[in-house]
Amino acid sequence: VSTQSTGIIKKIIFLKMAANDLTSENNKINNQSFRKFTSEQIENIDDSLPKTNDNSTENTKRTVNILSYIALFTSVISSYLSTSVLTVVLPQVKAEFTATDSSVAWVIIAPFVASAMLYSPFGRAADTFGRKKLWVLGNVLGAISFILAIMAPRLWILIISRILSGISLAAVVPSGMAIFTSYYDIKERATPIGYWNAAVGTAPTIGIAFGGLTEFISWRWIFFIQLIISFISIVISLLVLKESQTNNSERKFDYYGSIFVVIWTCSLLIGINQGPVLGWFDWRIISCFIIFSLISPILAYYESSVAQNPVLPLKLLNDPIIALAIIILSSSFSIFFGAYILTPFFMISVQNYSIGITSLVHIFRPASFALTSIGTSYITKYIIPPVVNVIGMLVLTISLVLFVTLEQSTSILWLICAFMLQGIGTGLVNTVLTSLVTSKVNTELQSTINGMAAMLRSIASSTLMAIMISFLAQLGGATVIKAYQIAFSFTLGCSITTLLLSFILLYLLRE
């Protein structure tokens, strides 16, 4: 029994005993009866109250929280692990299935497109039907996708497994982040987001290391490891996680808006990702962009004016701080992944490094991102978050300057330095701005805003990666150094523009 509850019970019992001494005449209180209950007698009421073991309760709560963190972290690591591995081992997958470059590329593209299409609908579904339900659903779909990948006898089955993996990620990310941040006060929001980002950064670190091991073992073993991790997360989640209290199942879900978002995102991302492969003036690519253009005004009108509980809460973007923060977030992520897609090609095709060495060197990027994300929550105790964001974008810009100067003779230490600066800058920006956005949104919309932000990050990242690949294709291929320098120069321009936006955000948040 808590101290406050005990005090209230004392007062109730005291008034109950005093009320028994009301006189039958004129219903007046007998003051003498009141006086016979001394403070010592009132304190003795404690003896009749049930006692609880506070230490036992605290230990149980601490154990539940630790198990919850394990469930969340293992699922996030499992969800993000295979993407980094497959980026490194695509040549092996291509050789095993005797596939073309354009077809095997869908092993990477498919989960990006599938997750981006469903981030927002699943985010709203988590806030409507329950975050734990969507979390467990995502993990189960992930486990099924890993089983399919392990057994895939044909490339198209592997691609289907990757689509399921993307759907799984779309369910896990919005709901999981909302569950994890709910354990902390709004003022401490940077702490859980830092840990979440650390898990996201740890996954590719482990994945790249496993990618180096694929020189000795089959790439299918990676999915077997993911399956084990996913199974652990599912079991712990079912036993420990509690359903969110912001369960709004009585509200009508935005089914039409979800369909519009899926068509809108799918047409845009397929057009962007296949443009460099098929040609930007291919009739299929033009059709995708026509569909995107037609559905855009319909989606904007329906979500802002018609839908009662929109999957895209566009009205939140009326707040310039939220809108600017999401733009900077999306841009910084696209810069991170834009460079991520090119540097393995540079090291293997230009500098002639092996897959193993390339994998080991690339570990420094996600590892620095993970460590910085954890440290950001402590940094913001001494430096205000908008300033930390500006510092992060400045560091990210410096890393792009190092990438622009790459030559065939560039040392590994130079590359490691550039990778670490990129990870540090992205970790600072992402942790601070995600904390800012989620702290300005109601608890009931946490999964929804997480889903929308994740969708926009995916679109921005896919767009910049497609542009970078187009630069390589148009400027001579993966062996031409000038093509890399021009591509990185374009990314540097994007980073400088985002840095200027960060100064504007700092101005808006100056108070």
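Residues numbered from 1 in each chain as written. Predicted model: local features only at pLDDT ≥ 70, side-chain atom pairs only at ≥ 80, totals over all residues. Heavy atoms only, no water.

Draft legend 1. Local environment of the overall build of the protein. When helices and strands are tallied, the protein shows 19 helices and zero strands. Relative to its 511 residues, the protein shows a buried fraction of 53%. Accessible area for the protein stands at about 23,400 Å²; split by element, carbon and sulfur atoms hold 67% of it. (Helix = DSSP H or I, 4+ residues; strand = E, 2+ residues; numbered from the N terminus. Buried < 20%, exposed > 50% of the residue type's maximum accessible area, 1.4 Å probe, protein only. Areas by Shrake-Rupley, 256 points an atom, 1.4 Å probe, with all protein chains shown as cover.)

Draft legend 2. The pattern of salt bridges, seen in detail. Applying the stated criterion across every chain, the model contains four salt bridges. Linking E96 and R220 is a salt bridge whose minimum nitrogen-to-oxygen distance equals 2.7 Å. With a gap of 124 residues between them, E96 in helix 4 (residues 54-97) and R220 in helix 10 (residues 220-240) connect regions that are remote in the sequence. Assessed through its relative accessible area of 40%, E96 is described here as partly exposed. Residue class for R220 comes out buried when judged on its relative accessible area of 17%. (Salt bridge = Lys/Arg side-chain N within 4 Å of Asp/Glu carboxyl O.)

Draft legend 3. Quick peek at the packing of helix 13 (residues 320-350) against helix 19 (residues 481-508). Running from N to C, helix 13 and helix 19 cross one another at 160 degrees; their axes reach a closest spacing of 10 Å. By the angle between their axes, helix 13 is roughly antiparallel relative to helix 19. With respect to the hand of their crossing, helix 13 and helix 19 are arranged in left-handed fashion. Here the contact of helix 13 with helix 19 is composed, by residue class, of 20 nonpolar, seven polar and no charged. (Axes fitted to C-alpha atoms, helices over the stretch in contact; angles between N-to-C directions. Parallel < 35°, antiparallel > 145°, perpendicular 65-115°, else oblique. Left-handed = near helix turned anticlockwise from the far one by under 90°. Nonpolar A, V, L, I, M, F, W, Y, C, P; charged D, E, K, R; others polar.)

Draft legend 4. Geometry of helix 8 (residues 155-181). Across its 27 residues, helix 8 extends 39 Å between first and last C-alpha, which sits within 8% of the 39 Å expected from 1.5 Å per residue. The buried fraction of helix 8 amounts to 24 of the 27 residues, a majority that puts the element mostly inside the structure. (Expected span 1.5 Å × (residues − 1).)

Draft legend 5. Looking closely at the environment of Y484. In this structure, Y484 sits in helix 19. Along the primary structure Y484 and F345 are separated by 139 residues, whereas in three dimensions their C-alpha atoms are 9.6 Å apart.

Draft legend 6. Quick peek at the packing of aromatic side chains. With the rule as written, the count across this model stands at 15 aromatic pairs. Considering the side-chain rings of F129 and F253, the 5.7 Å spacing of their centres and the 45 degrees angle between planes classify their relative orientation as tilted. Within this pair, whereas F129 is found in helix 6 (residues 106-129), its partner F253 is found in the loop between helix 10 and helix 11 (255-278), the two being separated by 124 residues in sequence. F129 gets classed as partly exposed once you look at its relative accessible area, which sits at 30%. Judged by relative accessible area, which is 11%, F253 ranks as buried. Among the aromatic side chains, those forming a connected cluster through ring pairs are F333, F336, F337 and F369. (Phe/Tyr/Trp six-rings, centres within 6.5 Å; stacked < 30°, edge-to-face > 60°.)

Draft legend 7. Spatial organisation of a nonpolar patch on the surface. On the surface, a nonpolar cluster with roughly 960 Å² of combined accessible area is contributed by F216, I217, W221, F224, I228, F231, I232, V235 and L239. With respect to the helices, strands and loops of the structure, F216 is situated in the loop between helix 9 (190-213) and helix 10. Owing to a relative accessible area of 68%, F216 belongs among the exposed residues under this scheme. (Patch = residues over 30% accessible without salt bridge, like charges linked within 9 Å, V, L, I, M, F, W, Y side chains within 5 Å.)

Draft legend 8. Region of the structure containing unusual backbone geometry. A positive phi angle, close to 60 degrees, is found at N352, a residue other than glycine. Within the secondary structure, N352 is located in the loop between helix 13 and helix 14 (355-362).

Draft legend 9. Highlighting the packing of helix 14 against helix 15 (residues 364-379). At a minimum axis separation of 5 Å, helix 14 and helix 15 run at an interaxial angle of 20 degrees. With respect to helix 15, the element helix 14 is oriented roughly parallel. Taken together, the residues of helix 15 that come into contact with helix 14 (itself represented by L360, V361 and H362) are F364, R365 and P366. In the contact of helix 14 with helix 15, the residues fall into four nonpolar, one polar and one charged. (Contact = heavy atoms within 4.5 Å.)

Draft legend 10. Looking closely at the environment of I232. Mapped onto the elements of the fold, I232 is located in helix 10. For I232, a relative accessible area of 39% corresponds to the partly exposed category. Each C-alpha atom of the pair I232 and A71 lies 7.3 Å from the other, and the pair is 161 residues apart in sequence.

Draft legend 11. Main features of helix 17 (residues 412-439). Under the 1.5 Å per step criterion, the end-to-end length of helix 17 is 40 Å for 28 residues, consistent within 8% with the ideal 40 Å. For helix 17, the tally of buried residues reaches 20 of 28 residues, placing the bulk of the element in the interior.

Draft legend 12. Molecular detail of the confidence of the model for the protein. Mean pLDDT over the protein: 81, with 83% of residues reaching 70 or higher. Taken element by element, the predicted model of the protein shows its lowest mean pLDDT in helix 2 (residues 31-35) (44) and its highest in helix 16 (residues 385-404) (94). Counting interchain partners and residues more than four positions distant, the pLDDT-below-50 stretch residues 21-52 has 27 contacts. (pLDDT = per-residue confidence, 0-100.)

Draft legend 13. Up close: the side chain of T358. Its place among the elements puts T358 in helix 14. Non-local contacts of T358, meaning those with residues more than four positions away in its chain, are made with P344, M347, I348 and Y353.

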